[in-house]
Amino acid sequence: MNIVDREVWGAVPADVSRMSTHTIDALTIHHAGDQTAARGPERYRSWQASHMDRGWGDLAYHYIIGVDGTVYEGRDTLYEGDTGTNYDPNGHFLVVVEGNFDID
């Protein structure tokens, strides 16, 4: 499988001082939840900036799957992801898929 590296899509370096290591034992898949016109790396850079503005050390997710099926590298899997939901993401391998699956 081809995976687009962080450097290729323009991610900024993570701030690992704000991140905790973990051991993966679950897979959690999120959907972006909206239908914005911005797609691909432009959108992922925006997500990363927003997540880091929240005090998180990086993009919340370990991998991103674009609407065209392209897979993008996110947060290093060594580090626990972040989430604005009510579950503890420790141990979760977090993947986000572009799109709103309540609509699509």
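Notes on the structure in this doc start here. (Residues numbered from 1 in each chain as written. Predicted model: local features only at pLDDT ≥ 70, side-chain atom pairs only at ≥ 80, totals over all residues. Heavy atoms only, no water.)

Let's talk about the overall build of the protein
Within the protein, the secondary structure is distributed over two helices and five strands. Along the protein, helices and strands appear, N-terminal first, in the series β-α-β-α-β-β-β. Against the compact-globule benchmark of 13 Å for 104 residues, the protein has a radius of gyration of 13 Å, which places it among compact chains. Based on the C-alpha atoms only, the size of the protein along its principal axes is roughly 35 × 30 × 30 Å. When burial is assessed residue by residue, the protein has 41% of its 104 residues classed as buried. (Helix = DSSP H or I, 4+ residues; strand = E, 2+ residues; numbered from the N terminus. Rg over C-alpha atoms; globule rule 2.2 N^0.38 Å. Buried < 20%, exposed > 50% of the residue type's maximum accessible area, 1.4 Å probe, protein only.)

With respect to the nonpolar core
Among the nonpolar cores identified, the biggest contains twelve residues, and these are Trp9, Ala11, Tyr44, Trp47, Trp56, Leu59, Ala60, Tyr61, Ile64, Tyr72, Leu94 and Val96. Only α2 (41-53) and β5 (92-97) provide two or more residues apiece to this core. With residues up to four places along the chain from it excluded, the contact list for Leu59 reads Trp9, Tyr44, Trp47, Gln48, His51, Ile64, Gly74 and Arg75. (Core = buried A, V, L, I, M, F, W, Y, C linked by side-chain atoms within 4.5 Å. Contact = heavy atoms within 4.5 Å.)

Observations concerning the packing of aromatic side chains
Per the counting criterion, the structure on display carries four aromatic pairs. Judged by centre distance (5.4 Å) and plane angle (40°), the ring pair of Tyr44 and Trp47 falls under tilted. Residue Tyr44 and its partner Trp47 are both found in helix α2; the two are separated by three residues, about one turn of the helix. With centroids separated by 4.8 Å and ring planes inclined at 65°, the aromatic side chains of Tyr44 and Tyr72 adopt a geometry described as edge-to-face. Residue Tyr44 is found in helix α2, and its partner Tyr72 is found in strand β4 (residues 71-73); the two are separated by 28 residues along the sequence. (Phe/Tyr/Trp six-rings, centres within 6.5 Å; stacked < 30°, edge-to-face > 60°.)

A look at α2
Taking 1.5 Å as the rise per residue, α2 with 13 residues should run 18 Å; its terminal C-alpha atoms sit 18 Å apart, in good agreement. Taken residue by residue, α2 has Arg43, Tyr44, Trp47, Gln48, His51 and Met52 as its buried positions. Mapping the buried residues of α2 onto a view down its axis gives an arc of 165°, with all of them on the same face. Among the exposed residues of α2, those pointing more than 90 degrees away from its buried face are Glu42 and Asp53. Contact partners of the buried residues in α2: α1 (6-9), β3 (63-65), β4 and β5. A positive phi of about 100° marks Gly55, the residue just after α2. (Expected span 1.5 Å × (residues − 1). Arc of directions from axis to C-beta.)

A few points about the sheet that holds strand β2 (residues 26-31)
Overall, mixed pairing links the five strands, which are arranged β1-β4-β3-β5-β2 in an open sheet. Only two strands of the sheet have a single partner each, and these edge strands are β1 (3-4) and β2. Where β3 lies against β5, three bridges are found, and the strand directions are parallel. If you follow Tyr63 over to β5, its bridge partner there is Val95. (Pairing = 2+ DSSP bridges.)

Interpretation note: all reported values are geometric properties and have no functional meaning in isolation.
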